[in-house]
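Chain residues, written in single-letter form:
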Amino acid sequence: MRNKPFIITLTVIVAILCAYYLSFTLVSRGVQQKAEAYATDAKGNVNMNKKQTYLDSVWKMPVFNFLGAEYTYQDVRKSELGLGLDLKGGMHVTMEVSPVEIIKVMSGNSKDPNFLKAISQAQEAQKKSQESFVTLFGKAYRDIEPQGQLSRIFSNTANKGKISYQSTNDQVLAVINTEVENAIDRSFNVLRTRIDKFGVNEPKIQRLKGTGRIQIELPGVDNPNRVRKLLQGQAKLEFWEVWKPEEFSPFFSQMGDYLTKQEKAGNLKDLTSTAKPEEDALAQSAATDNTDALADAAAQDSTEDALAQSAAKDTNAVAKTEDTAKAATAKADSLNSQQSSVLAKLFTQLPGGIGSNVRDTARVNALFRKAEIRSIFPSNMQFLWGVKPIVAQDGQEFLELYAVKKGRDAKAPVSGEFISDARQDFDQQGRPEVNMQMNSAGGKRWQRLTGENIGRQVAIVLDDYVYSAPVVQSEIAGASSSISGNFTIEEAQDLANILKAGKMPAPTRIVEEAIVGPSLGQEAINQGLISSVAAIVVVMLFMIMYYAKGGLIANLALIFNVFFIVGILAQLNASLTLPGIAGIILTIGMAVDANVLIFERIREELSKGLSMKDAIHKGYDKAFSSIFDSNVTTLLAGIILFYFGSGPVKGFATTLMLGIATSFFTSVFVSRLFVEWLAKEDGSGVSFSTGFSKNLFKNFNFDVIKHRKKAYVFSIAMILFGFGVMIMQGGPNLGVDFTGGRSYIVNMDQDIAADKLKEALTADFKESGTEVKTFGASNRYKIITSYLADDESAQADQAVEAALQNGLKKYSNLNPTILSSSKVGATMADDIQKTALLAVLLSFISIFIYVTIRFQDWSYALGGIVALIHDSLMVIAFFPIARLFGLHLEMDQVFVASILTIIGFSINDTVVIYDRIREYLTDNPKLKFRDIVNPALNDTFSRTIITSLTVLMVVVILFIFGGETLRGFSYAMIIGVLFGSYSSLFIATPITLETDPDKRRDKRQAAIVPTPVPSQQKVR
């Protein structure tokens, strides 16, 4: 084996890295077990608030020491292998930012009929197009008014300097597109800040590139309505006067006196606790209040929040980082000596004011919520937190507390609606600043506010968080002003974007939603573990039974493979989902394919009389091209699935692609290390046959070519039958992903007939399309309805759920409980359909190109693609056939994942056969294609059967133990594996034969000009 030292070194390095990154997961699980033990009472009940309090208390504490390097619990959580929502419960939301309101505002709310008509047409066109809304709007306006100039509508004071009356339509659309993109970024940042302060452990938010959509995952959410309101609420931008520290410190003194008396009376044990962090009772009491977003900030880390970075002040108001760090760690001396020890524990001196350690913000909020404390402070004094933490030298984080001055009507002196524009610029010294423009009404209010607060701070507040509090240098007359300070360019851009939040509204709506209850999450974990262990055990036993010691080596390579997959997932900070587990399980079945190819090759060479060592050498070398080509074709399907998939489908694609890469490495290289190590000089240390398998499939001979037309007829008949059944059933059983609508998983104490439950719900769902079926258990039901499917508002969500609850009242004695729910809006469903179709088509095209290049003949690719289309149609046909036998399976995104996986598996099998044909044609150039088809098919038959059998065993286990979520996927895979193997034998190669590849091979050979042999030269 060449490069053996390199392979050994690489294997050791990868194994060490995987072990290192997985160690974080083990440590994190250990901390969580301790938290659960701490929160469990004598009766075994777990207090989730108490558990979270424990985790919050150790958030910044070292919990892991690796070779002298200490890691806090926060560091550990960032590096662990997380669990997806389907495994731990929570809420998945896809939000869409509507550009319509932005365009209307930019137009000055124009009433131009053609403008309004163009918007309306663009909204309709967007339902059937992948193009951006701005592009569709431009096309619609051009169609309605071919000679019309958009500058006539958009050339106004709000767009001064960006759009003039002379601007072309393309220039106007470019400006609109920029504003829409900025609005999406702004919405993303606002949502991220809200989520960071929401008190959810490990939230995830990402912008989906190329769309106006934002994807959010919130683990452990138990109040979906609150989440919907929080996410869809309009951003509130306000400017407030700020009290100086010397103005509010007397009130702190009074609060200190009051707390001192309460402490002596023993009424403040929660505020004066000196117990260990994990036993902090006050933090526990604060954690019970889930309605206060500020209180929830205690356990959050906002250091990477791009919006929060804009909380810089004017040059005169900002201290140097060194001073900030020192002040952040100092005691609260300025709160004067009369302050109680309670205040000293809760508040810290900061430059220009006071603040608190991030971990203490929950306590401070609990303190200010007390009626007795509120009565001490003036009614017009309200405390708000700064959004960006100040990081001290020791790594601790502090938030500044601002006292803003509320008016009598509690309305801000200036709000975001008065801002006409804001942009990042540079001052005379070349330092970044923010220029802000207001309309005339806002200019007057701003002049009054700045005139009354010269030398004082004015807080810029968004959603009740202070993003910046610059000091007013002088009265600002007019509508233009600038905010300067220690800004970076990025911070200035972020602040400018924040200032636009009021003028440039970007309404967001939920277009896709899924809620998974914690009980379903735990059930999914159990199903994933059982199916994984069962799959590994069955495959390992089979490999030992069939390949003896070779099977043991394959099993060892399989263990390395799974270890590498999980370890690399941990390195990528990926989350493990149920479809991801399915990808790993499927990889287990497919991973042995390479070893099967190698071992079958070795057995062939041994039958020719070669020694064991020579057979091993030739077996690995000859199998390499087949393994490489088959893995590349499967990888192409995985890449397309990853690119076009979303949510759980993307997780499946990730594990599938990783599995392909790691299985190639472990099967081809790692297994060879062990095989060559075990094989002694005489080859007696290793074997590849047992008594059971030694003569199995030996001398197998079947004339595939002779029976190919019978296979054509059979396949066409089965596909037509399946599609005929589908038509009689009213069409395909599409999931919510493709149709749009809402679905719910409902559990009851006893089972009832699904038809009766549907009857009870029909009236409440206003006779809309409703489907009810059992889901995983006889007393669990999946309810799908199209009621209000076109309405994606939060009000519609509540109306549909209320209708469901009302319909379930008939069975209130059975304790109906909604375990999970999901929603897909009509536009989202349309996009999913299109991307699914595009993904399948692209996989066909990419495989066609690759196979054509590798085998230098398009007929090989044609045969392979026809076989793939055959397999896909066969899987689709067998879904309605399954319904005839009471198995109601949906076609959804996971179904598309199964189709693409089947495409990868089937072409894998086909390429192996093609590779053997190519080998035979190379060794015997005078033979015709027809002459070597049957020998090639028969020689690879054992490999085809064994590989199909191992994958089939795995997907059958997945079908039995994988749970209802993966039932459709595993069923599709069962059909796909069976007919994928069938099509490789009876469809792909025979179709290639029908195109007469010999004729093209002869032409290629005739075109090769032989190199002339030079005549012998003589020297005289």
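- Per an unreviewed UniProt entry, the recorded name for the chain is Multifunctional fusion protein, and the organism is Adhaeribacter terreus.
- The heading Subcellular location (unreviewed entry) in the UniProt record of the chain holds the text "Cell membrane".
- Recorded under Function (unreviewed entry), the UniProt text for the chain is reproduced unchanged: "Part of the Sec protein translocase complex. Interacts with the SecYEG preprotein conducting channel. SecDF uses the proton motive force (PMF) to complete protein translocation after the ATP-dependent function of SecA."

Topic: the overall build of the chain
Consideration 1: When helices and strands are tallied, the chain shows 35 helices and 24 strands.
Consideration 2: The 1020 residues of the chain split such that 55% are buried.
Consideration 3: Long-range pairs, those at least 24 residues apart, make up 75% of the contacts in the chain with a sequence separation of at least 6.

Some points on the packing of aromatic side chains
Consideration 1: This model, assessed by the stated rule, comprises 48 aromatic pairs.
Consideration 2: The interplanar angle of 75° and the centroid separation of 4.9 Å between the aromatic rings of Phe879 and Phe895 together place this pair among those described as edge-to-face. Of this pair, Phe879 sits in helix α30 (residues 858-884) while Phe895 sits in helix α31 (residues 893-923), placing them 16 residues apart in sequence.
Consideration 3: Using a relative accessible area of 2% as the deciding quantity, one classes Phe879 as buried.
Consideration 4: Residue class for Phe895 comes out buried when judged on its relative accessible area of 7%.
Consideration 5: Each member of the aromatic cluster is reached from another via a ring pair, and the members are Phe560, Phe563, Phe564, Phe624, Phe628, Phe664, Phe665, Phe669 and Phe674.
Consideration 6: Above the face of the Trp243 ring, Lys405 is positioned so that its terminal group lies 4.8 Å from the ring centre.
Consideration 7: The ring of Phe959 has Arg967 sitting right over it, with the charged end atom 5.5 Å from the ring centre.

A word on the pairing of strand β5 (residues 204-208)
Consideration 1: The side-chain alternation of β5 yields one buried face, formed by Ile205 and Arg207, and one unburied face, formed by Lys204, Gln206 and Leu208.
Consideration 2: Note that β5 and strand β6 (residues 213-219) share 5 bridges and pair antiparallel. Paired with Leu208 across the strands is Arg213, a residue of β6.

Side note on helix α33 (residues 941-961)
Side chains three or four residues apart in an α-helix point the same way, a direct result of the helix having 3.6 residues per turn.
Consideration 1: Over its 21 residues, α33 runs 30 Å from end to end, which matches the ideal 30 Å to within 8%, given 1.5 Å per residue.
Consideration 2: A positive backbone phi angle near 90° is found at Gly963, which sits one or two residues after α33.

Side note on the nonpolar core
Consideration 1: Ranked by internal contacts, the top residues of the largest apolar core, which has 130 residues, are Leu586, Ile616 and Ile917.
Consideration 2: Tallying contributions element by element places α31 first for this core, with 17 residues.
Consideration 3: Here Leu586 is in contact with Phe652, Leu656, Thr901, Val951, Val954, Val955, Phe969 and Met973, once residues within four sequence places are set aside.

With respect to the side chain of Asp915
Consideration 1: Within the secondary structure layout, Asp915 lies in helix α31.
Consideration 2: Within the structure, the side chain of Asp915 is placed 2.6 Å from the side chain of Arg918, a separation counted as a polar contact.
Consideration 3: The contacts of Asp915, once residues within four sequence positions are left out, are Lys622, Ser625, Ser626, Asp629 and Phe855.

Describing the pattern of salt bridges
Consideration 1: By the definition in use, this model includes 20 salt bridges.
Consideration 2: Asp112 is the partner of Arg152 in a salt bridge, and the nearest nitrogen-oxygen pair spans 3.1 Å. Residue Arg152 is located in helix α8 (residues 151-154), and its partner Asp112 is located in the loop between α5 (100-106) and α6 (113-126); the two are separated by 40 residues in the primary sequence.
Consideration 3: Using a relative accessible area of 16% as the deciding quantity, one classes Asp112 as buried.
Consideration 4: When salt bridges that share partners are traced, they join Lys4, Asp621, Arg672 and Glu676 into one network.

Description of the packing of α31 against helix α32 (residues 929-939)
Consideration 1: One way to put it is that α31 packs onto α32 with a least axis distance of 9 Å and a crossing angle of 130°. Considered as vectors, α31 and α32 are oriented oblique to each other. Here the hand of the crossing between α31 and α32 comes out right-handed. Residue-level inspection shows Ile913, Arg916, Ile917, Tyr920 and Leu921 of α31 in contact with α32, the latter providing Phe929, Ile932, Pro935, Ala936, Leu937 and Asp939.

Quick word on the packing of α30 against α31
Between two packed helices, what matters for the description is the angle formed by their axes and the separation of those axes.
Consideration 1: Contact geometry for α30 and α31: axes closest at 9 Å, N-to-C directions at 145°. Handedness of the crossing formed by α30 with α31: right-handed. Across the interface between the two elements, Tyr860, Gly863, Gly864, Leu868, Asp871, Ser872, Val875, Ile876 and Phe879 from α30 touch Phe895, Ile899, Ile902, Ile903, Ser906, Ile907, Thr910, Tyr914, Ile917 and Leu921 from α31.
Consideration 2: In terms of residue class, the contact of α30 with α31 is built from 13 nonpolar, 5 polar and 1 charged.

A closer look at the confidence of the model for the chain
Consideration 1: On average, residues of the chain carry a pLDDT of 78, and 85% of them reach 70 or more.
Consideration 2: Across the chain, element-level confidence peaks in helix α25 (residues 708-728) with a mean pLDDT of 93 and bottoms out in helix α13 (residues 281-287) with 31.

With respect to the sheet that holds β5
Consideration 1: Strands sit in the order β5-β6-β4-β19-β24-β21-β23-β22 across an open sheet of 8 strands; the sheet is antiparallel. The strands lining the two open edges of the sheet, one partner per strand, are β5 and β22 (770-774). The sheet shows a mean angle of 20° between the axes of neighbouring strands, taken without regard to direction.
Consideration 2: Looking at chain direction, β22 and strand β23 (residues 780-785) are connected through 5 bridges and run antiparallel. Pairing of Thr770 across the sheet is with Thr785, part of β23.
Consideration 3: Where helix α10 (residues 224-232) meets the sheet, its contacts fall on β4 (90-97), β6 and β19 (508-516), and the angle it forms with β19 comes to roughly 155°.
Consideration 4: Contacts between helix α27 (residues 754-762) and the sheet are confined to β22 and β23, with β22 contributing the most and set at about 150° to the helix.

Let's talk about the environment of Phe941
Consideration 1: Its place among the elements puts Phe941 in helix α33.
Consideration 2: With relative accessibility at 14%, the residue Phe941 sits in the buried group.
Consideration 3: Measuring from C-alpha to C-alpha, the distance between Phe941 and Asn701 comes to 9.3 Å, with 240 residues separating the pair along the chain.
Consideration 4: The residues contacting Phe941, other than those within four sequence positions of it, are Phe697, Phe700 and Leu985.

Details of the sheet that holds strand β15 (residues 432-438)
Strands belonging to one sheet form pairs held by backbone hydrogen bonds; the direction of such a pair is parallel or antiparallel.
Consideration 1: Read across the open sheet, the 3 strands follow the order β14-β15-β18; overall the sheet is antiparallel. Strands with a single pairing partner mark the edges of an open sheet, and in this sheet they are β14 (419-426) and β18 (480-484). Within the sheet, the average angular offset between the axes of one strand and its neighbour, ignoring direction, is 25°.
Consideration 2: Here β14 pairs with β15 via 7 bridges, running antiparallel. Directly across from Asp425, in β15, lies its bridge partner Glu433.

Some details on the environment of Phe652
Consideration 1: With respect to the helices and strands, the residue Phe652 is situated in helix α24 (residues 648-678).
Consideration 2: Spatially, the C-alpha atom of Phe652 lies 8.2 Å from that of Leu578, the residues being 74 residues apart in sequence.
Consideration 3: With sequence-adjacent residues up to four places away left out, Phe652 is seen in contact with Pro579, Gly580, Ala582, Gly583, Leu586, Leu641, Ala897, Thr901 and Phe969.

What counts as what
- Numbering of residues starts from 1 in each chain and follows the order in which that chain's sequence is written.
- Local features in this predicted model are restricted to residues whose pLDDT is 70 or higher, and side-chain atom pairs enter the listing and the counts only when it is 80 or higher, whereas totals over whole chains, interfaces and linings include all residues.
- No hydrogens and no water enter the side-chain calculation; it runs on all heavy atoms of the structure.
- UniProt positions are given in the numbering used here, feature names are shortened, and annotations may be inferred rather than shown by experiment.
- Numbering of helices and strands runs from the N terminus; a helix is a DSSP stretch of H or I covering at least four residues, while a strand is a stretch of E covering at least two.
- Throughout this description, buried means an accessible area under 20% of the type-specific maximum (1.4 Å probe, protein chains only), exposed means over 50%, and partly exposed covers the range between.
- A contact between two residues is defined here by any heavy atoms of the two lying within 4.5 Å.
- Paired rings are identified among Phe, Tyr and Trp, the last through its six-membered ring, by centres lying within 6.5 Å, and are further divided according to the angle between planes into stacked (under 30 degrees), edge-to-face (over 60) and tilted (the rest).
- Lysine and arginine charges are scored as sitting over a ring when NZ or CZ, respectively, is within 6 Å of the ring centre and within 35 degrees of the ring normal.
- By this definition, two strands are paired if DSSP reports at least two bridges between them.
- A helix is expected to reach a length of 1.5 Å times the quantity of its residues less one.
- Here, the term nonpolar core denotes a set of buried Ala, Val, Leu, Ile, Met, Phe, Trp, Tyr and Cys residues that are joined through side-chain atoms within 4.5 Å.
- Definition of a polar contact: a pair of N or O atoms within 3.5 Å, with one able to donate and the other able to accept a hydrogen when the atoms are protein atoms, and with sequence-neighbouring residues admitted only if both atoms are side-chain atoms.
- Each reported salt bridge corresponds to a side-chain nitrogen of Lys or Arg within 4 Å of a carboxyl oxygen of Asp or Glu.
- Orientation is described by axes fitted as lines to C-alpha atoms, over the contacting stretch for helices, and by angles from 0 to 180 degrees between their N-to-C directions.
- Angles are sorted into four bins: roughly parallel if under 35 degrees, roughly antiparallel if over 145, roughly perpendicular if 65 to 115, and oblique for all others.
- Rotating anticlockwise by less than a right angle from the far helix to the near helix defines a left-handed crossing, while the corresponding clockwise rotation defines a right-handed one.
- For this classification, Asp, Glu, Lys and Arg are treated as charged, while Ala, Val, Leu, Ile, Met, Phe, Trp, Tyr, Cys and Pro are nonpolar and the rest, including Gly, are polar.
- pLDDT gives the predictor's per-residue confidence on a scale running from 0 to 100.

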